[in-house]
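One-letter residues, chain by chain:
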Amino acid sequence: MATSKSIAGLIGPTTVAIALSELINLRILWANVTPSVIYLNGGLLFVAGLAIVRAHNRWTAAWPVLVTLTGWFILLAGLIRMFAPVLAQRRAENGAAVYPGLVVLLALGIFLTFKAYAPENDKPSA
């Protein structure tokens, strides 16, 4: 659980910051999107996702599975952007798909941040 909280403490605030900044600056980001930038972004996402999956590959029926799923999602998103940057560019230009995705990322980030930084509810045994 300590590893889950540590990684969630990194993923949560980072996801919140990325989702909010992209929601605010989406038009600026779209103006500078090229396949080479998407490829570079994919490489960075792949490394980040792989690091999360290597450090935290837990399949439990509790909230830490969101850390694992986030790692796998980031890894796969990186691969897609590396192998099909033009397809990823077309999908990024479709605003109807981007905004709901950013809202989901924001919600995930808030949840993981809460789980990482909230005090534990361990009740002492009587």
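Residues numbered from 1 in each chain as written. Predicted model: local features only at pLDDT ≥ 70, side-chain atom pairs only at ≥ 80, totals over all residues. Heavy atoms only, no water.

1. Focus on the overall build of the protein chain
Phase 1: When helices and strands are counted, the protein chain shows five helices and zero strands.
Phase 2: Starting at the N terminus, the α and β elements of the protein chain follow one another as α-α-α-α-α.
Phase 3: For the protein chain, the C-alpha atoms occupy an extent of roughly 60 × 30 × 20 Å along the three principal directions.
Phase 4: Counting the 126 residues in the protein chain, one finds 32% classified as buried.
Phase 5: Across the protein chain, contacts joining residues at least 24 apart in sequence account for 82% of those joining residues at least 6 apart.
Phase 6: Summed over all atoms, the accessible surface of the protein chain reaches about 8,200 Å², with 70% contributed by carbon and sulfur.
Phase 7: The averaged location of the 4 negative side-chain charges in the protein chain is 5 Å from the averaged location of its 9 positive side-chain charges. (Helix = DSSP H or I, 4+ residues; strand = E, 2+ residues; numbered from the N terminus. Buried < 20%, exposed > 50% of the residue type's maximum accessible area, 1.4 Å probe, protein only. Contact = heavy atoms within 4.5 Å. Areas by Shrake-Rupley, 256 points an atom, 1.4 Å probe, with all protein chains shown as cover. Lys, Arg positive; Asp, Glu negative; His and termini not counted. Charge placed at Lys NZ, Arg CZ, Asp CG, Glu CD.)

2. Section: helix H2 (residues 35–55)
Phase 1: Compared with the 30 Å implied by 1.5 Å per residue over 21 residues, the 30 Å span of H2 between its first and last C-alpha is a close match.
Phase 2: Where H2 is concerned, the buried positions are Ile 38, Gly 42, Gly 49, Ile 52 and Val 53. Looking down the long axis of H2, one finds its buried residues gathered within 95° of arc, a one-sided arrangement. Exposed residues on H2 whose side chains face more than 90 degrees from its buried face are Ser 36, Leu 40, Leu 44, Val 47 and Arg 54. (Expected span 1.5 Å × (residues − 1). Arc of directions from axis to C-beta.)

3. Brief notes about the environment of Pro 64
Phase 1: The topology assignment puts Pro 64 in the loop between H2 and helix H3 (65–83).
Phase 2: When the C-alpha positions of Pro 64 and Ala 8 are compared, they lie 8.3 Å apart, and in sequence the two are 56 residues distant.

4. Here we look at the confidence of the model for the protein chain
Phase 1: When pLDDT is averaged along the protein chain, the result is 87, and 91% of the positions lie at 70 or above.
Phase 2: Mean pLDDT in the protein chain bottoms out at helix H4 (residues 85–92), which sits at 78, and peaks at H3, which reaches 93. (pLDDT = per-residue confidence, 0-100.)

5. Brief notes about the nonpolar core
Phase 1: Counting 10 residues, the largest nonpolar core consists of Ile 7, Ala 8, Ile 11, Ile 52, Trp 63, Val 67, Ile 74, Leu 108, Leu 112 and Ala 116.
Phase 2: Taken together, the elements giving at least two residues each to this core come down to helix H1 (2–31), H3 and helix H5 (95–117).
Phase 3: Residue contacts for Leu 112: discarding those within four places in its chain leaves Ala 8, Ile 11, Gly 12, Trp 63, Leu 66, Val 67 and Thr 70. (Core = buried A, V, L, I, M, F, W, Y, C linked by side-chain atoms within 4.5 Å.)

6. Side note on H3
Phase 1: Taking 1.5 Å per residue as the helical rise, H3 with its 19 residues ought to reach 27 Å, and the 27 Å between its terminal C-alpha atoms agrees with that figure.
Phase 2: Three or more residues of H3 are buried, namely Val 65, Val 67, Thr 68, Thr 70, Gly 71, Ile 74, Leu 75, Ala 77 and Gly 78.

7. Remarks on a nonpolar patch on the surface
Phase 1: A surface patch of nonpolar side chains, about 330 Å² in accessible area, is lined by Trp 59, Leu 69 and Trp 72.
Phase 2: You can see Trp 59 is positioned in the loop between H2 and H3.
Phase 3: Exposure remark for Trp 59: the relative accessible area of 54% places this residue in the exposed category. (Patch = residues over 30% accessible without salt bridge, like charges linked within 9 Å, V, L, I, M, F, W, Y side chains within 5 Å. Salt bridge = Lys/Arg side-chain N within 4 Å of Asp/Glu carboxyl O.)

8. Regarding the side chain of Thr 68
Phase 1: Take Thr 68: it is sitting in helix H3.
Phase 2: Once residues lying within four places of it in the same chain are set aside, the contact partners of Thr 68 are His 56, Asn 57, Arg 58 and Trp 59.

9. A word on the packing of H2 against H3
Phase 1: Interhelical geometry of H2 versus H3 gives an angle of 150° and a closest axis separation of 7 Å. Comparing the axis directions of H2 and H3 gives the class roughly antiparallel. Crossing hand, H2 versus H3: left-handed. Along the contact surface, H2 presents Ile 38, Tyr 39, Asn 41, Gly 42, Gly 43, Leu 45, Phe 46, Ala 48, Gly 49, Leu 50, Ile 52 and Val 53, while H3 presents Val 67, Gly 71, Trp 72, Ile 74, Leu 75, Ala 77, Gly 78, Leu 79, Arg 81 and Met 82.
Phase 2: The residue makeup of the contact of H2 with H3, split by class, is 15 nonpolar, six polar and one charged. (Axes fitted to C-alpha atoms, helices over the stretch in contact; angles between N-to-C directions. Parallel < 35°, antiparallel > 145°, perpendicular 65-115°, else oblique. Left-handed = near helix turned anticlockwise from the far one by under 90°. Nonpolar A, V, L, I, M, F, W, Y, C, P; charged D, E, K, R; others polar.)

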